[in-house]
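Descriptive structure summary
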Amino acid sequence: MESDASILSKLQSPSPSDFHRLFTAYLHPFTPFLAPSAAAAKKPAKSSKSKPKIELPAIRPLAKQFISFIHKALSLIPKRLCESPQIPQNCATELFDSYRLCLDCLEVIAPELSGKPHSVQVQRIRYVHCLENWCLFEEAEAEGLVVLERLNAIAGGELKAKSQKLKARLVPELKKEEEEDRELAAIVLEVVVTLVKCVSKRRSKIEADYRRVISLVNESESCFKILDAKDYEKFHHFLETNLHIITVYLVAEIKLFSVDLIREFSAVTFNEYKKSCAQDQIYKVALKICHSLFSQRDELSADIILDVLKHVLDFMAAECKDGAEKLAPGFLELVCYCANKCQSATVVLCDPVAQYLYRLARFFHQDFLFISSILTLYASGLLGSSSNQLKGEDAGKGGASLQFFLNNSERLQQLALSINWLNDHFDTAGKEKSSCEQAISHLPYWEALKFFCLKLAESIFLNRKEIFSEAEIAPCWENLSGIHDAFRQYCYIFLYCLSDTEREKETSGDNHKVISVVVVAALMLSFETNQNLKESTLSVKHVISAQWIPNKRLKYLYVSLNNIAVILKSKKRLKEAFKALKMCCKALWNYIVDLCKIEMTKSQVSEDYMSEKSIPDLVMEASDKVALLLQLNQKCNFKVNGIIRESIICWSNSENLIATLPTPVSLIKEWVKIQYKLSDDNEHEVMLYPLLSSSKEISKRALGKLLEEELLAYNGKSYLNPRYSLKMKMKVINVLLEEIYVTKESIVEKCRVLIQKAISLRALGLEQLDKGIQCLSDAVSTLKLTYVSRRRCSSQADNLLIHAYLLRALYTQEAAPQSMLLSPGSGFLDDIHDALNLCLHPDHCHEDEQYEDMLYLWYQLIDLLSIKGYLEIHPRLYDVVIKLFNKKNIQFEKTLAELWKNKRLSHALCVSPVNHTFISTFSKHQSQLCNSSLFWTKCMEELKPLVVGFHHINNEIKQAASDLISSVPITSCSTFISSNLYYDLSARLISSGQMIEALAYAKEAHRLRSKLLQQKFEYSVEKVVETFDVKGELIDKIHYSVQTFKVNDFVVTKGSCDYEGSVLTPWNVLSCYLESILQVGYVQETLGNVSEAEMLLQWGRNVAQFQNLPLFEISFSCLLGKLYRKQKLWSISEKELSSAKKGLADNLNNISCKKCLCMWEISINQQIGDLILSSSCCSEEPPSPKTLSSAKILYKLALDKLNLSDWGTLYSTSEESLANDKCESKVEARRSRRTKKEAKPTSQKQDTVCGHSRRITRSVHRSLVETHEIEPAAKETCHSSGSANEHLMGVDSKSFSADLQSEIRSLCSKTKCWQCLHVEAGDCCNLSIFIFMNWELVHRKLSLRLLMSIGKFSGMFGHVHEAHEILLQSLSVLFSRNCSKHSSDSLPFLIESVGKYYPEDALAVERATLLYFICWFTVKSKCYQATSIPSSNRNFCCELSSIGTVRVLSLLKLSFILCRDVPVLLQKVSRLLAVIYVLSTSLEQFSLSSNEQGSESQWASFFHQASLGTQLNQQLLSGIIQKKQNQSAGVSEDLDSVLDILDLPHSLRCGPESCEDLEEFVLDFFQGLPSTPVICISLVAGADASLLKDLLHCSPKVQAWILLSHLSSDNQYVVLLPVHEILKEASDEESSSSSVIFNCKDFVKRWQCPWISSVIDDIAPVFRHVLEGNYYSSSEYFLDSIRENTSLWWTQRNRLNECLCKFLQDVEDSWLGTWKYLLLGMWPSCNHLDSIKKSLSRDEMDLLQHVVTNKCYVGLTSEETSMLLFNSMLEMSDSVDQAECISGKPIILVLDTEVQMLPWECLPILRNQEVYRMPSIGSIFATLDRHCENQKQVESSDPVFPLIDPLDSYYLLNPDGDLSRTQVEFESWFKNQNIIEGKIGTVPTVEELSLALKDHDLFIYFGHGSGTQYIPGHEIQKLDGCAATLLLGCSSGSLYLRGSYMPHGAPLSYILAGSPVIVANLWEVTDKDIDRFGKAMLNAWLRERSTASSECARCMPTKCIHRPRIASFMAQARDACNLGFLIGASPVCYGVPTGIIKRKGKNRENI
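The rules behind these values
Residues numbered from 1 in each chain as written. Predicted model: local features only at pLDDT ≥ 70, side-chain atom pairs only at ≥ 80, totals over all residues. Heavy atoms only, no water. Helix = DSSP H or I, 4+ residues; strand = E, 2+ residues; numbered from the N terminus. Buried < 20%, exposed > 50% of the residue type's maximum accessible area, 1.4 Å probe, protein only. Contact = heavy atoms within 4.5 Å. Areas by Shrake-Rupley, 256 points an atom, 1.4 Å probe, with all protein chains shown as cover. Salt bridge = Lys/Arg side-chain N within 4 Å of Asp/Glu carboxyl O. Disulfide = S-S within 2.5 Å. Phe/Tyr/Trp six-rings, centres within 6.5 Å; stacked < 30°, edge-to-face > 60°. Axes fitted to C-alpha atoms, helices over the stretch in contact; angles between N-to-C directions. Parallel < 35°, antiparallel > 145°, perpendicular 65-115°, else oblique. Left-handed = near helix turned anticlockwise from the far one by under 90°. Pairing = 2+ DSSP bridges. Core = buried A, V, L, I, M, F, W, Y, C linked by side-chain atoms within 4.5 Å. Patch = residues over 30% accessible without salt bridge, like charges linked within 9 Å, V, L, I, M, F, W, Y side chains within 5 Å. Lys, Arg positive; Asp, Glu negative; His and termini not counted. Charge placed at Lys NZ, Arg CZ, Asp CG, Glu CD. pLDDT = per-residue confidence, 0-100.

Helix and strand content of the protein chain: 89 helices and 20 strands. Looking at the protein chain as a whole, 58% of its 2047 residues are labelled buried. Across the protein chain, every contact between residues at least 6 apart in sequence was considered, and the portion connecting residues at least 24 apart equals 76%. Of the accessible surface of the protein chain, which amounts to about 84100 Å², a share of 50% is contributed by carbon and sulfur atoms.

Written as structure tokens, this is what we have:
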């Protein structure tokens, strides 16, 4: 066994272990005594019973033996357990076991020891403390209870003597105050406190543990009573502290315990605190209890919270009432806390707590009114919050609080009384009055006010809309004075009563906004009640201005005040809104100043700190607020100067701190706006400078910024009052220059103002431009001096210098646009170069704020130089633009798209949209990308839908353009891009020959560009009349000349950049506008609308001349020269072309694009050559060889220029790049599916063109001969020439076509045909290739035109072989740019390819022309292939001579399709087709295939009518489209779909879109004809007449041929008759007698022939003489001279009448002969052959049979044969009853322009017929369609014609007042006929006449001319429906020929307007005779009208079409004239058969 010393030493070792075993072994003798003790330790309640009785003698030895060891162990073990750091847990466990063993042993031997009886328990208490220290609270509690039990036993005697009462107590009851009892009491209390502490730390979940604590506390009271003060304080402090802890824990875990326990425990705690000296800490305990309680508010029920809360507050209220002075502050603080927590609780606590507080208030009311009033404030605040919670409103909706008080007057009154008492409790100085509560601070009142005011103020502000609503809360405002007083008292205490510390506390953290919320709410109540407004306003201002309030409250204030102002403004409470907004502005400016100070000093750092980047935004916001304030002030009439001054001073203070702050732009703009409104007073010229200059707080730097901003503001508002704006700008500029920027440091600013002054001077007008240029020069010189002195310039000065250079260059150009600005050394170019040098300097950097302005100026220069064609400095300009875009990090694809869409990649009128200059510049920046197909593909993505050239799908272009202008509003960018798309689309359509559609899109582009031009330019015009002498005749040309044309003043000072980023300058708009004029003029000229074309071209040329634009001057002059040439105005044409040539020569050095120069030079030479050739051919004298050679030389020079120019250099490189691109494309990525699909049809088309040839076998050749594909006469030649010639014959078999594919494919791959170019141009993905393709097409187009001109020249003068060679070269050009002729082997394949139809052919018109000439010369070659000539002697100059008739016809039909919209060419092609078809019935060499035989008359008549009125047909179509466009423009801005606008009637189309549809089209055409016969008459003259003469071997006397066709839906007849006889005057006597009239007087006004020259002058000169004689004999000058000899006058008149009569008889007899019956529809039939066959030979009979069968006749070469056939026809005609010829049906004549001047209606055979005339069959269809669309056809065989009521008319009688005789004749007649509308002797307005023509059935005109002097023809044509007209003025029906253009005249205008019938005069008439004619016509019409109501057996009432019509009465009206031919033949009837009806009530509905 170990010794005691060894055991104790081990106990003291650092790591004691296993010593409990040693203790047990050592103390083993105690074992018999310890077992019960151990049991007692575990079960202390039974320990006394289980302990055995021990004999003393047995214990004593143990005591002696072990007492020392036990004492030492009890001394060491506690020390070891209390060591720090603690010993390991296992060691501690052994120590506690050993500790307990020693205590038990000590307990055993205690009776044997001396000392107090409780000594052992003291040791056990020490053991309990050790357990507590080791957190063994449960063991400690158990041991402590054992100790109490032992102590209880000691205090009560022996255990056996204990009573029942002692068993129930835990704590001994000590009543004595002796020393021993005090000691025992201390020991007991120590155990009790330790037990309470253990419970507080153990946090038991068992309620009994806490009830035991209550018992311990209650039972320990007796112990406390006997303690001395020191021990009492010690033990009681520990007790109350632990009770406090337990109480808080119980509340925290209230869900685990009963509320009764918590109430009891808290009561015990409060009572213990109450007993101690720390009773003032009770409120803190209560506060913690409440805090713990409210922390669980989301988890506990309201009842639990309320129960505990009331318990706490009840105790505190009771204590407060007992000792108010000490506990009142704590109690009120507790109430404040609880109120705030209830207010923020999610459960509904506010109302019950408020009710409870009201009860407490009543509890204190008698004795403590101060506390009662404060409680009332809290209760009121809670009630307000309760109303919010009950209504479910969140923080965003607080209106229920205010509504609660409005609805509870009792509570509101109670609140008011409390507030009044509290207000009275404090004096004005904030000190308390003497009372029983003097010591109470004002802080509880402050807190209560804050609690009440905050939520209510928030409620008021958040409910501001309802508060300021007049309908909801306004009636109850008088009850809210108490609330208003609370707000005011809160503000008063905050501002005047709080100490600095308290105020700092109140403005820190989240409290910063309380005062702001309250003052805003008080202000709102003042606004609503109109009370205390001054005090509320002062409070707001005081808060705004207070320095001790953080800037966060300013942010809230300005936001809140702004919201209030907005609502008041919306409620029209402007004065109050003004006050609120004014304080808002003050708060915002102060906020900005504070932020600037923070930024500069960095003195404060907070979460709400704003960086410098956000301060500028606040400045702009403040500026906006002040601007709004100024707007309100205009309605409230407050003084604004103070507002502006104060705001600017605040801004200046901020700007002094942060110089980069922006100026208050909105403020200054509003100031300027006010000045504009006051500018009506001429004396009002107020600037900011006088207002601000006196302030010392505003620096000159700030003044400069403000004045410059004022300058910009005046500039932005200049549109309001330009004159005032300029005046004020100049005043501001002068102040800046004279007062502000006067130091050396402000040189840069001064120069900036000088530039602004120059801009302002420009805005004053061009007259001030010199001063502006001087200002710019001053700025430039100043900046340059600065640059030299400082060696380098700042970025700002650098940019200003560039700005000045650019403006000076632009202003210099504008000041003198016609000067030579582009000459070397000009100041204009020097300025540009200087600007470029600066801008492209490596150190230069553009300022961001100047980016748009500088870009606009550079764009202006690019566009200005581009429109002039000067591209020398474009590379550097592009460098600048690319640099600017790079600065903005814009990709190159977008850069290209931006330049492309604004047309800045090329010069004006350039064929290519991209110039090589840009390509080279771009390559310099991105050399790798430039040749990358992928890059250009990305560019195309950026360009969509702008890129027109990169694809060839027109519908996509149309849709893209339409989409761009369909949005609303339409931007300038959309308009510009859309116009470009329409322009390019029109150009494509022009190339493909679709002129009608092209015109529609060209006009749309012109309309859009005109809108843009009006935005960019100002101009004025004047009407100019120029007189030209043409062959002795004076011709007046009217056009509009430019007086002024300048850039809009607003545009010149500011660029146009819309939100889409498009920058439009005046120059690119003008360029596009002039291009559109040129395009529309070209199409109009092509279509024959010469008046419109000439007007447009003249205007465009004048604008170009005014602006010195040589490119456009040359182009317009060149096109005008062509126009005048075709009008046969040779001198005018020569003048224009000479002007173009001179302009080109003068600008050779200024036009940079050499290809365009070459193109223009070629075009001008060709035009001059055409002029020489045309004028020579039309000359009366034969042309000299020298003249003709000069034309040919010009053609050759042009062709050589084209082939030998530098143009080829580009092609060689481009072809290489094209080849490289093809190779590269094979390696590149696959094409998309869509691309493949789109490419497939193209390849298929090429396959039809490109094929391999095979030799034709003899059997195939034989079959071709039999089918007439090869000329029979050329059989041997074909065999000898091989397959090459065989293919020329036009084999159409499928096998042959298939075999051609490979050969032509090979040819195309080598030579690149024109169609491949077109397709590849659309499919290519490389810009260089795209440019090459475009120029290649232009090259070939020019080559074709030149070659065809040369070929035409050669053919006209008999050089047929040379012409053929030229044509073959032309054919080669289609396939290669080389003009050399292809081999004979490849020629068949070329013709085969040319003869195919390709959609959207880029060279359609040129190809059609080439096909026409090929066919024409092929027909010409047949003159030498007559069958009478032996085949061996026939001369075939080339392969063209062998083309068969079938192939010729197919080629011509293709040409017809291609040129269907080109009238002049269409007329030629159609006439040639008609002639060939007629000839095919008579000449063997023109025989057709078996498929077409028998239909010759149908084809011939169709093409004959197609050749008549071609230009009018196109004008009809374009007019219909134009009217549809006008109608659609009224609905929307965009151009409607083609299906809508271009969906025209089938009958108005000249032909189908493809050759495959031609046959069906012809059949439909004849089926659509009315049953009324249509007679087409034309003269074949010139080269065509010579061709026929050679083919038919006619007499040289034949100068012309009459082509006469009879068309109806059933039959078609055609005759081609030679004109053998020239109809001259009858005798020399008559001629001399007529010359008496012509030469006897020198007339002032000479007769002007309606046609300049015509074939009629050659074959019937007498007709011209008759008309001339009629003019002179009827002129007033002549009548005055022969009044004394009237018989002479009548002799002359009668002679002229007879001459005309004889002329008409000769026309019928000599020209028509027996074929005159064809005019009546007669044609010999087989029924009549039997009657005359006996008198004819077989040949004659066969010939006659042939004519009857084929329905065609050609004048034969033998005169004898012709006479024989003529006589036979005469016999046939005599056998026919002439009555059969007069069927009663009307006849419509369609006359060629060469014969329309003749009175065909007065031919003897037609004089008594109902005859109408029309210029074309298309016009017949158009008129019938327009007037008959609503009529139902009575019988299928009868036509449906228009109907008019003669009484539904409008008359215009003698408007000039000089036809008194006519006025007397008709004035009374009109009145008697009940015609109610008209004018006599006065001139109506155009609008009146337009309305009359629209609203009436008939328009009657008796006056001079046709009446177009009162309503011009173009105004008539605008009408969509027009009345029938009777025009009885001189020459009212005459059509004036304009060379090869469509004639013009009033009848055509009326026809285009839709008039059904026009009766007018072909030449001059005398008044008496024409009056007789007119009266006869009117009377006949009225008679017919009177009988129109009678029924017709065949027709419905009022719908009869068998009665006489308008023209039925012409014959009898002619007979009414004295001169039946000279006057009677003049009136003719244009239009269609028109019936007469009687409308009910003269109903004027359209028919």
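Under the criterion given, the structure shown has 54 salt bridges. Across the salt bridge formed by E141 and R202, the nearest N and O atoms sit 2.5 Å from each other. In this pair, E141 is assigned in helix α8 (residues 137-156) and R202 in helix α10 (residues 179-202), connecting sequence segments 61 residues apart. Relative accessible area serves as the criterion here: at 25%, R202 is assigned to the partly exposed category. Notably, a salt bridge pairs E1018 with K1046, separated by 3.9 Å at the nearest N-O pair. Here K1046 lies in strand β2 (residues 1033-1047) and E1018 lies in strand β1 (residues 1017-1030), a separation of 28 residues in the sequence. Linked through salt bridges whose partners overlap, the residues forming this network are D104, E107, R124 and E143.

Once that is clear, we can look at the state of the cysteines. Following the criterion strictly, the structure yields zero disulfides and no others. Of all cysteine sulfurs, the one in C1701 lies closest to C1699, which takes part in no disulfide; the gap is 9.9 Å.

As a further point, take the packing of aromatic side chains. Going through the model one piece at a time under the given rule, you end up with 52 aromatic pairs. With a centroid separation of 5.4 Å and 20° between ring planes, the pair formed by Y1019 and F1045 is classed as stacked. Of this pair, Y1019 sits in strand β1 while F1045 sits in strand β2, and the two are 26 residues apart along the sequence. Owing to a relative accessible area of 32%, Y1019 belongs among the partly exposed residues under this scheme. The exposure class assigned to F1045 is buried, which follows from its relative accessible area of 3%. Taking 5.6 Å as the distance between ring centres and 70° as the angle between the ring planes, the aromatic pair formed by W1869 and F1870 counts as edge-to-face.

What follows covers helix α65 (residues 1387-1394). When you tally the buried positions in α65, you get eight out of eight residues, the bulk of the element. If you check which residues of α65 are buried, you get L1387, P1388, F1389, L1390, I1391, E1392, S1393 and V1394.

Attention now moves to unusual backbone geometry. Positive phi outside glycine occurs at R203, with the angle close to 55°. Along the polypeptide, R203 turns up in the loop between α10 and α11 (207-219). On the basis of relative accessible area, R203 is assigned to the partly exposed category, the value being 42%. One non-glycine residue with positive phi stands out, namely K1128, at about 65°. Among the secondary structure elements, K1128 is positioned in the loop between α52 (1110-1126) and α53 (1130-1146).

What follows covers the pairing of strand β19 (residues 2027-2031). Within β19, five of the five residues are buried, leaving the element largely enclosed by the surrounding structure. What you see with β19 is no split at all: P2027, C2029 and G2031 on one side and V2028 and Y2030 on the other are buried throughout.

Turning our eyes to something else, we now look at the packing of helix α2 (residues 19-26) against helix α6 (residues 89-109). It is the contact of α2 with α6, at a shortest axis distance of 8 Å, that shows an interaxial angle of 15°. Judged on the interaxial angle alone, α6 and α2 are roughly parallel. Viewed along their axes, α2 and α6 form a crossing whose handedness is left-handed. Within the contact between the two elements, α2 uses F19, H20, F23 and T24 and α6 uses C91, E94, L95, D97, S98, L101 and C102.

A large share of strand β9 (residues 1787-1791) lies buried, amounting to five of its five residues. Because side chains alternate across β9, one face comprises the buried residues I1787, L1789 and L1791, and the other comprises I1788 and V1790, equally buried. In this sheet, β9 lies alongside strand β5 (residues 1574-1580) in parallel orientation, the contact comprising four bridges. Residue pairing in the sheet places V1574 in a bridge with I1788 of β9. By the bridge criterion, four bridges tie β9 to strand β10 (residues 1811-1814) in an arrangement that is parallel. Note on β10: the bridge partner recorded for L1789 is R1813.

This brings us to the packing of helix α36 (residues 747-763) against helix α38 (residues 795-815). α38 packs onto α36 with a crossing angle of 20° between their chain directions and a minimal axis gap of 10 Å. With respect to α38, the axis of α36 lies roughly parallel. Here α36 and α38 pass one another in a crossing that is left-handed. Contacts between α36 and α38 involve V748, R752, I755, A758, I759 and R762 from the former and Q796, A797, L800, H803, A804, L807, Y811 and E814 from the latter.

The next point concerns the nonpolar core. Ranked by size, the top nonpolar core spans 585 residues in total, and within it F331, F487, W858 and L1070 carry the most contacts. With sequence-adjacent residues up to four places away left out, W858 is seen in contact with I802, L806, A835, L836, C839, H846, L877, V880 and L884. The next biggest cluster of nonpolar side chains, apart from the first, holds 45 residues, and it includes L8, A92, C102 and C130.

On the surface, a cluster of negative charge is contributed by E1553, E1556, D1557, E1560 and D1564. Within the fold, E1560 resides in helix α72 (residues 1558-1567).

With that out of the way, let us pick up the confidence of the model for the protein chain. Per-chain confidence: the protein chain averages 77 in pLDDT, with 76% of residues scoring 70 or above. Element-level pLDDT for the protein chain is lowest in helix α59 (residues 1275-1281), with a mean of 38, against a maximum mean of 96 in strand β18 (residues 1957-1961). Note on residues 1209-1310: pLDDT under 50 across the span, and 160 contacts to partners over four residues away in sequence or across chains. Note on residues 1775-1782: pLDDT under 50 across the span, and six contacts to partners over four residues away in sequence or across chains.

Structurally, the position occupied by H1904 is in the loop between β14 (1898-1902) and α86 (1913-1917). Along the backbone, H1904 and E1964 are 60 residues apart, and their C-alpha atoms lie at a distance of 9.8 Å.

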